[in-house]
Amino acid sequence: MKKFLLSVTVGCFLFSGHSNAASVSAQVGKDFTELAAGIGSKGAGLGINGNWARSDHDGQVVSLGATFGLPLGPFSAYIVMRRAIFGAKTCDK
């Protein structure tokens, strides 16, 4: 199964024969921090992104995602996979 998923992922990269843009963003506040990074576009082809957010009061969350866009005339169809991991703080007060 892992070999199949790897071959599908490599095939998606080969199928999307255009250049991809990379993005990185960060937000820092008094009680929170958020970092995000991604490669790919909102159009056709493969895109990968990740996000990490931390709050002093609520814990943290990490998410990783992959999208594959297929152009259908003036529209695009997307296949999306996302995994989120939550690390909530518990309050013992």
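Placed above this text is the structure.
Residues numbered from 1 in each chain as written. Predicted model: local features only at pLDDT ≥ 70, side-chain atom pairs only at ≥ 80, totals over all residues. Heavy atoms only, no water.

**A word on the overall build of the protein chain**
Then, number 1: Secondary structure summary: the protein chain contains 1 helix and 5 strands in total.
Then, number 2: Scanning the protein chain from its N terminus toward the C terminus, one meets helices and strands in the order α-β-β-β-β-β.
Then, number 3: With 93 residues in all, the protein chain has 16% of them scored as buried.
Then, number 4: Of the contacts formed within the protein chain by residues at least 6 apart in sequence, a portion of 29% connects residues at least 24 apart.
Then, number 5: When the accessible surface of the protein chain is split by element, carbon and sulfur atoms take 67% of a total near 7300 Å². (Helix = DSSP H or I, 4+ residues; strand = E, 2+ residues; numbered from the N terminus. Buried < 20%, exposed > 50% of the residue type's maximum accessible area, 1.4 Å probe, protein only. Contact = heavy atoms within 4.5 Å. Areas by Shrake-Rupley, 256 points an atom, 1.4 Å probe, with all protein chains shown as cover.)

**Side note on a nonpolar patch on the surface**
Then, number 1: Nonpolar side chains collect at one region of the surface, where M1, F4, L5 and V8 lie side by side and expose about 440 Å² of accessible area between them.
Then, number 2: Inspection of the secondary structure puts V8 in helix α1 (residues 2-15). (Patch = residues over 30% accessible without salt bridge, like charges linked within 9 Å, V, L, I, M, F, W, Y side chains within 5 Å. Salt bridge = Lys/Arg side-chain N within 4 Å of Asp/Glu carboxyl O.)

**Overview of the environment of I48**
Then, number 1: As for its position among the elements, I48 is in strand β3 (residues 45-55).
Then, number 2: Among the residues examined, I48 registers a relative accessible area of 38% and is labelled partly exposed.
Then, number 3: The sequence separation of I48 and A37 amounts to 11 residues, and the corresponding C-alpha distance is 8.6 Å.

**Some thoughts on the pattern of salt bridges**
Then, number 1: In the structure shown here, the tally under the stated rule is 1 salt bridge.
Then, number 2: Ionic pairing is found between R54 and D56, a salt bridge with its closest N-O pair at 2.3 Å.
Then, number 3: Judged by relative accessible area, which is 28%, R54 ranks as partly exposed.

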